[in-house]
Amino acid sequence: VLLLDEITVDLDVLGRADLMRFLRDECEQRSVTIVYATHIFDGLEQFATHVAFVARGKLRFCKPMEELEGLEDREPGALLKTVEGWLRVEAEIKKKEDAEKGIVKKKAFEYSRNSGWTSGRTASSLARGPELNQSTSHVGIKLSSNAVMRN
């Protein structure tokens, strides 16, 4: 068993496609299992044999692709669309649970605008500043170009 966590996040399209093809071939030739954890679902319909869904710290299910509604035919984009549906249901459940506890989110959209991605120098993409209601001395900032701020 090989556990891979977000290994393709920084690869370009061709590098990612080549790596996924290599991993698929290795699985078939060596009869091995790869557990691939990711939030990037583009093009995985032909790679995955099973899907495990973890939400709020618990394994919700692990099933073959063919047993999951919307994934039987492995159409391009189907995995992203299906997972988005699961995540939206989980978000609604969490929202209701939070409301029962008296926790109410202030904003409908709570992520930073660029999630750390921008052209130019890395320093220009730091997630802080007045548009996020964050001062330059905010202790929650780790000076990472990949910082995602939540208020």
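Heads up: these notes are all about the structure in this document. (Residues numbered from 1 in each chain as written. Predicted model: local features only at pLDDT ≥ 70, side-chain atom pairs only at ≥ 80, totals over all residues. Heavy atoms only, no water.)

**A short note on the overall build of the protein**
Point 1. Across its full length, the protein holds two helices and four strands.
Point 2. Out of the 151 residues in the protein, the part that is buried amounts to 28%.
Point 3. Excluding contacts between residues fewer than 6 apart, the proportion of contacts in the protein whose partners are at least 24 apart in sequence is 46%.
Point 4. Of the roughly 11,300 Å² of accessible surface on the protein, a fraction of 54% belongs to carbon and sulfur atoms. (Helix = DSSP H or I, 4+ residues; strand = E, 2+ residues; numbered from the N terminus. Buried < 20%, exposed > 50% of the residue type's maximum accessible area, 1.4 Å probe, protein only. Contact = heavy atoms within 4.5 Å. Areas by Shrake-Rupley, 256 points an atom, 1.4 Å probe, with all protein chains shown as cover.)

**Focus on a negative patch on the surface**
Point 1. Together, Glu69, Glu72, Asp73 and Glu75 give the surface a local cluster of negative charge.
Point 2. Within the secondary structure, Asp73 sits in the loop between β4 (58-64) and α2 (78-100). (Patch = residues over 30% accessible without salt bridge, like charges linked within 9 Å, V, L, I, M, F, W, Y side chains within 5 Å. Salt bridge = Lys/Arg side-chain N within 4 Å of Asp/Glu carboxyl O. Lys, Arg positive; Asp, Glu negative; His and termini not counted. Charge placed at Lys NZ, Arg CZ, Asp CG, Glu CD.)

**Description of the packing of aromatic side chains**
Point 1. Considering all chains together, one arrives at four aromatic pairs under this definition.
Point 2. For the ring pair Tyr36 and Phe47, a centre distance of 6.1 Å and an interplane angle of 80° mean the geometry is edge-to-face. Pair noted here: Tyr36 is in strand β2 (residues 34-37) and Phe47 is in the loop between β2 and β3 (50-55), with a separation of eleven residues, a long-range link.
Point 3. Relative accessible area serves as the criterion here: at 14%, Phe47 is assigned to the buried category.
Point 4. Plain terms: the ring middles of Phe61 and Trp86 are 5.0 Å apart, the flat faces sit at 85° to each other, and that makes the pair edge-to-face. Pair noted here: Phe61 is in strand β4 and Trp86 is in helix α2, with a separation of 25 residues, a long-range link.
Point 5. Members of the aromatic cluster, each reached through a chain of ring pairs, are Phe53, Phe61 and Trp86. (Phe/Tyr/Trp six-rings, centres within 6.5 Å; stacked < 30°, edge-to-face > 60°.)

**What to know about the pattern of salt bridges**
Point 1. Counted by the stated rule, this structure contains eight salt bridges.
Point 2. Residue Arg30 is joined to Glu26 by a salt bridge in which the shortest nitrogen-to-oxygen separation is 2.4 Å. With Arg30 and Glu26 both in helix α1 (residues 13-30) and four residues apart, the pair spans about one turn of that helix.
Point 3. Judged by its relative accessible area of 58%, Arg30 is exposed.
Point 4. Exposure remark for Glu26: the relative accessible area of 17% places this residue in the buried category.
Point 5. The shortest N-O distance in the salt bridge between Glu66 and Arg74 comes to 2.9 Å.
Point 6. Residue Arg74 is classed as buried on the basis of its relative accessible area of 16%.
Point 7. If you follow the salt bridges from partner to partner, you end up with Arg56, Arg60, Glu90 and Glu97 in one network.

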